[in-house]
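Structural overview
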Amino acid sequence: EVLEEEGYPNKKHPEKTNWIAVENLRVLDDVLENGLWGGRVKVFRFGANVMKGTKYENRPSISGSMISYFIALNCKIFVGTAVSSYSHGIVTTRFHRKEKENYEYLPDGLHHWTPPDMRLPPPFEC
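My aim in this report is to walk through the structure given alongside it, one point at a time. None of the values given here were measured: they were computed from a predicted structure.

**What to know about the packing of aromatic side chains**
Scanning the model with the defined rule gives three aromatic pairs in all. Here the aromatic rings of Tyr 69 and Tyr 86 are separated by 6.2 Å at their centres, their planes lie at 65°, and the arrangement is edge-to-face. Residue Tyr 69 is found in helix α3 (residues 60–74), and its partner Tyr 86 is found in helix α4 (residues 85–96); the two are separated by 17 residues along the sequence. Feature note: the residues Tyr 69, Phe 70 and Tyr 86 constitute an aromatic cluster, connected by ring pairs.

**Description of helix α2 (residues 19–34)**
Along its 16 residues, α2 runs 22 Å from first to last C-alpha, staying within 8% of the 22 Å computed at 1.5 Å per residue. One or two positions beyond α2, positive phi appears at Gly 35, with a value near 80°.

**Observations regarding the pattern of salt bridges**
This structure, assessed with the given rule, holds two salt bridges. Across the pair Glu 23 and Arg 26 runs a salt bridge, and its minimum N-O distance is 2.7 Å. With Glu 23 and Arg 26 both in helix α2 and three residues apart, the pair spans about one turn of that helix. For Glu 23, a relative accessible area of 37% corresponds to the partly exposed category. Taking the relative accessible area as the measure of exposure, Arg 26 reaches 47% and is therefore partly exposed.

**Here's the deal with unusual backbone geometry**
Phi at Trp 37 takes a positive value of approximately 50°, unusual for a residue other than glycine. With respect to the secondary-structure elements, Trp 37 resides in the loop between α2 and α3. The backbone of Lys 98 shows a phi angle near 65°, a positive value even though the residue is not glycine. Take Lys 98: it is sitting in the loop between α4 and β2 (102–106).

Rules of the game
- Residues numbered from 1 in each chain as written.
- Predicted model: local features only at pLDDT ≥ 70, side-chain atom pairs only at ≥ 80, totals over all residues.
- Heavy atoms only, no water.
- Phe/Tyr/Trp six-rings, centres within 6.5 Å; stacked < 30°, edge-to-face > 60°.
- Helix = DSSP H or I, 4+ residues; strand = E, 2+ residues; numbered from the N terminus.
- Expected span 1.5 Å × (residues − 1).
- Salt bridge = Lys/Arg side-chain N within 4 Å of Asp/Glu carboxyl O.
- Buried < 20%, exposed > 50% of the residue type's maximum accessible area, 1.4 Å probe, protein only.

The structure is reproduced here in structure tokens:
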């Protein structure tokens, strides 16, 4: 929800625009529309709003994180960042499940995080 609030240029006060949020929302909207890798991988948005009307609706961060975690564990391909303990926990669990289609998002693009010949899970380094 914050991204949707801050992801547009501030027309009244352009100097207060959160340009990182603007770019992130632009990229997110693009991959939602077109997918990744030339449309071969579909992307969907799923967040804590799904918990509305349940006993967890007042805990959106925790419930949303739990849902996202289990979706990430069971997806065909996972893309995360090595400086995130959250992403690293997902990659380590997926590694031990023999699910090695995990990619690390770096400034120069995506890198295979757990190649097929990897024998131990990648260490957490921040």
